[in-house]
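Structure assessment
Residues per chain, in single letters:
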Amino acid sequence: MADLSGNWLGTYWQDEIPSRFEATFVQSGNTFSGSILDDNYLGEAQVNGEVIGQTVSFTKRYLVTSPVPVRYTGMVSENEDYMQGEWNIGLQYSGVWSARRSGENLIVDLQNRLEQQTSLTMT
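In this report, we go over the structure that sits alongside the text. (Residues numbered from 1 in each chain as written. Predicted model: local features only at pLDDT ≥ 70, side-chain atom pairs only at ≥ 80, totals over all residues. Heavy atoms only, no water.)

1. Quick word on the pattern of salt bridges
Heads up, the condition is: Between Lys or Arg on one side and Asp or Glu on the other, a salt bridge is scored when a side-chain nitrogen of the former is within 4 Å of a carboxyl oxygen of the latter. In this description a helix means any DSSP run of H or I spanning at least four residues, a strand means any run of E spanning at least two, and both kinds are numbered starting from the N terminus. Accessible area is worked out with a 1.4 Å probe on protein chains only. A residue is then buried under 20% of its type maximum, exposed over 50%, and partly exposed in between.
For the structure on display, the rule yields one salt bridge. Among the ionic pairs, Lys60 bridges to Asp38, the shortest N-O distance being 3.6 Å. Taken together, the residues span a long stretch of sequence, with Lys60 in strand β5 (residues 55-62) and Asp38 in strand β3 (residues 31-38) at a distance of 22 residues. For the residue pair Lys60 and Asp38, the accessibility class agrees, reading buried in each case.

So, in structure tokens, the structure goes:
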């Protein structure tokens, strides 16, 4: 069974338009939970899912912007640093997604930029 714990950077496509996201997962056994921050107006979402072998499936629920759950399914690479698959919102919307394991953290990056801007305005 693949271990998804950690930070991931990814992209999902809707109507051929890409949206980047950052995900942080914590896995226990074959289930995991975490959060996803979309780099668009949709914002932050909570995630709950499971891994069976190299197959991953999870549901993303946005905290503020949309009450409709988004279902993701896919496969995790053998070395557990890449995953890809499809997402859907019922029968109405669907697309593809992919993510790579990353040490980067968009939240930390944003906080560092804000600190730098604040220190520049103070000098």
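2. Let's talk about the sheet that holds strand β7 (residues 82-89)
Keep this limit in mind: One requirement defines pairing of two strands: DSSP has to find at least two bridges between them. All axes here are fitted lines through C-alpha atoms, helices being fitted over the stretch that makes contact, and every angle between N-to-C directions spans 0 to 180 degrees.
In spatial order, the strands read β1-β2-β3-β4-β5-β6-β7-β8; together these eight strands close into a barrel with antiparallel pairing. Mean inter-strand twist for the sheet, computed between neighbouring axes without regard to direction, equals 30 degrees. Where strand β6 (residues 70-76) lies against β7, six bridges are found, and the strand directions are antiparallel. For Thr73, the partnering residue across the bridge sits in β7 and is Glu86.

3. Overview of the pairing of β7
Hairpin remark: β6 followed by β7, antiparallel, with five residues in the connecting loop; positive phi at Glu80, about 60 degrees. As defined by bridge partners, β7 adjoins strand β8 (residues 93-101) across eight bridges and the pair is classed as antiparallel. Bridge pairing links Gln84 to Ser98 in β8.

4. Topic: unusual backbone geometry
The residue Asp15 is not glycine, and still its phi comes out positive at about 55 degrees. Examined against the element boundaries, Asp15 turns out to sit in the loop between β1 (6-14) and β2 (17-28). You can call Asp15 exposed: its relative accessible area is 66%. Within the chain, Glu16 stands out as a residue other than glycine whose phi angle is a positive 65 degrees. On the secondary structure map, Glu16 appears in the loop between β1 and β2.

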